Structure formats: C-alpha cells, structure tokens
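Each chain, letter by letter, is given below.
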Amino acid sequence: MARYLAGRVAGVVLILFLVCLFTFIIFFTLSPDPAVMICGKTCTPERIDQIRDVLGLDRPFFTQFWTFLAGIFAGRDYGSGANLVHCAAPCLGYSFQTNQSVWQMVVDRLPVSATVAIGAAVLWLLVGIVAGLVSAVKEGTWWDRAAMGLALGGSSIPNYVLALALQYVLVVWLQILPFPSAVAFSDGPVLWFQSYLMPWVVLATGYACLYARLTRANVIDTLAENFMRTARAKGLPPALTLRRHALRPALTPIATIFGMDFAALLGGALITETVFGLNGVGKMAADSINKNDQPVIMAVTLLAAFFVVVGNVVVDVVYTRLDPRVRITAQ
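Residues numbered from 1 in each chain as written. Predicted model: local features only at pLDDT ≥ 70, side-chain atom pairs only at ≥ 80, totals over all residues. Heavy atoms only, no water.

Caption draft 1: Focus on the overall build of the chain. Regarding its fold elements, the chain presents 14 helices and two strands. Dimensions along the principal axes, computed over C-alpha positions, put the chain at roughly 85 × 60 × 35 Å. The buried share of the chain, reckoned over its 331 residues, is 38%. The long-range share in the chain, meaning contacts at least 24 apart out of those at least 6 apart in sequence, stands at 63%. Total accessible area on the chain is roughly 17800 Å²; 67% of this is exposed by carbon and sulfur atoms. Within the chain, one finds 23 positive and 18 negative side-chain charges whose respective centroids are separated by 15 Å. (Helix = DSSP H or I, 4+ residues; strand = E, 2+ residues; numbered from the N terminus. Buried < 20%, exposed > 50% of the residue type's maximum accessible area, 1.4 Å probe, protein only. Contact = heavy atoms within 4.5 Å. Areas by Shrake-Rupley, 256 points an atom, 1.4 Å probe, with all protein chains shown as cover. Lys, Arg positive; Asp, Glu negative; His and termini not counted. Charge placed at Lys NZ, Arg CZ, Asp CG, Glu CD.)

In structure tokens form, the structure reads like this:
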C-alpha cells in the first residue's frame, strides 16, 4: 500500500505540474498583453514598459514560468527598489483588475463554494441513492416508472432554468425564502439554511437524477448475481440480504463518481453561483473570464485541477477498502 500511495502522489505532482505549465502557456502567451490591459486606454509606451518590468513580463517565457512556480512555494518579489513588493507564499500573483492578492481572493471565496458543494452533495446522495434503491427493489412497479421518469426529466433541465424558476416561485411569488446570499452560519442557522437552500436544490437536482438511475441499474445487476441467490436460499431476511450483500458491491461505482463530482464542485459551481450571485470561486472565475483577469483565471484553474487529482487519489484509496480485489492489486 505504501508503494501504491507513493506512486499515486508522484502522479499527482506530475499532473499538477503539467496543468500549471499548459495553463501558463495559454494565459500568458496566447492572451492579450497584460501590461496594456492594466495601463488602460490612455497610456504611454514608457508606462507599458514599466509595468512589464514590474510584473516580469519582459523576461523569457521559462524564466517567468519558474518564477511563478517558485512563488507558489517560496513567494516572490515584484518590482525593484522603492517599488519592491513582496508576495508571500503561496503567491499566485495579483489581480489585474483589483490589485488584490489572488491567493487571498481564493481563500475569501472558497468557504462559499465549499458550503454550496457540501450541502448539494448531501442532498443528492440522500435523494439519488434512496430513490434508485427503492426503484430497484420495486422494479417494474408504478414507483419505479414514476421515479425514473422524474429522474430523466430532472437531468434534462439546465441549472440556470431551474434556478430562475425557483427564484420566481419561492422568492418573488410565494415569498417564503429570501434571495440567496453568502450568509455565514454565525449570523443564524435558520437564515443560513434558507439562503443556501435554493442553490443546494438546483445543484443537487441533476446529480440526484443521475445517481438514482446509476444506483437502480447497479442494484438490479447485483440482485441477479449468484451470491445473492445463495443468500436468499439460506433463508436470510430480504432486508438483511439487501443491506449486507447487495448494497456494498452496488454502491462501489457510485463512490467513484461521487469523489470526482464533489472534487470538481469544490473548484466552484460556476453557473449556480453566477445565477444566484453567490460570491464563491465559481462566480469569481466567471467575472475574471469576462474581464480577462489572467492571474485569477489561472488560480481557479489550478485550484480545480488540485481538487480533481487529489479527489481521484482519495477515491482510489477508498476503493481499496470497499473492494478486496482492488486491495490485493494495489498491494
């Protein structure tokens, strides 16, 4: 297991390095000149050269890349002399639009994205797995057909359409919920719950529908296995047979996709946060794309890649605990 984990960690480091390199190439060589963007419309060539010197944009590409990479671990300096500014590690640069530290911007907005992701994940796991499990047990009944019909319809509704519909019905028409906002839990659990309820529902709907269909298919396949016939032939109660022998192999694939889906959401739910105006990482990314704020876009890209690759490793480790066959191979 130690050798397996060491190999996985080495793979994570390599993938993050390549993501960092390719992202740097895209945003700092193929995008418009950042110095011109920062300087504005009324600017002199001397001022543009000065900005390039402060940001290090006049240096060779690989020098810029290694300086950026070293800044993540050891910090970096911008400018020289009286204009020297030190960016402490982990340094992801400064926003071209607000001149704020990109790392601090991410730290300030990450709790909002984490709250949205965790709440939605709990909701879609409960609804999706329970609905899929009941549909599998009652295969062919009216419940099965109704649940799978709703799952198919729910997975076809775009997030922004559902978000706008819920806002109109629950906020404008019925007035039973406040408009979503990034309320802290310390401001009141009830207000916090009401403020995040609609984003949770919107984000969880599509995933819950997908998980319900996958759970149903996996449980039906598991119930048809030979070991399930043996368990029933021994006279075990149906509930015990389902819980002890069917759920574990049926839900193992669900654990895999859940780890990847949840890790991706931690990098920001762009559409949901933008529609509801939640100032999380996703909305920050959307605003930065509109303004071509390259350091912020690059930081969000690296953050999302970090969560995905680390989530992949966590899923692999969990998988070795759920499936003995994978455990033997990993060792």
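Caption draft 2: Seen up close, the state of the cysteines. Applying the stated criterion to the full structure yields one disulfide. Here Cys87 engages in a disulfide with Cys91; their sulfurs sit 2.2 Å apart. Judged by the sign of its S-S torsion, about 110°, the bond between Cys87 and Cys91 is right-handed. A relative accessible area of 2% places Cys87 in the buried class. Given a relative accessible area of 1%, Cys91 falls into the buried group. (Disulfide = S-S within 2.5 Å.)

Caption draft 3: Fine view of helix α10 (residues 238-266). Of all the bends in α10, the largest measures some 50° and sits at Leu247, one to four residues before the proline Pro249. Taken together, the buried positions of α10 are Leu240, Thr241, Leu242, Ala246, Ala250, Thr252, Ile254, Gly259, Asp261, Ala263, Leu265 and Leu266. At the C-terminal side of α10, Gly268 shows a positive phi close to 115°. (Bend = angle between axes of the 7 residues up to and from the residue.)

Caption draft 4: Molecular detail of the nonpolar core. Membership of the largest hydrophobic core comes to 51 residues, with the highest contact counts inside it found for Cys20, Phe68, Trp124, Met198, Met284 and Met298. For this core, the secondary-structure elements that each account for two or more residues are α1 (2-29), α4 (61-74), α5 (102-137), α7 (159-173), α8 (189-223), α10, α12 (281-291) and α13 (294-322). The biggest single contributor to this core is α5, with 11 residues. (Core = buried A, V, L, I, M, F, W, Y, C linked by side-chain atoms within 4.5 Å.)

Caption draft 5: Spotlight on the side chain of Ser95. You can see Ser95 is positioned in the loop between β2 (85-87) and α5. For Ser95, the side chain forms a polar contact with the main-chain nitrogen of Gln97, separated by 3.2 Å. A distance of 3.2 Å separates a polar atom in the side chain of Ser95 from the backbone nitrogen of Thr98. Once you skip the residues sitting within four places of it in the chain, Ser95 turns out to touch Gln100, Val102, Met105, Asp293 and Val296. (Polar contact = N/O pair within 3.5 Å; in protein donor to acceptor, adjacent residues only side chain to side chain.)

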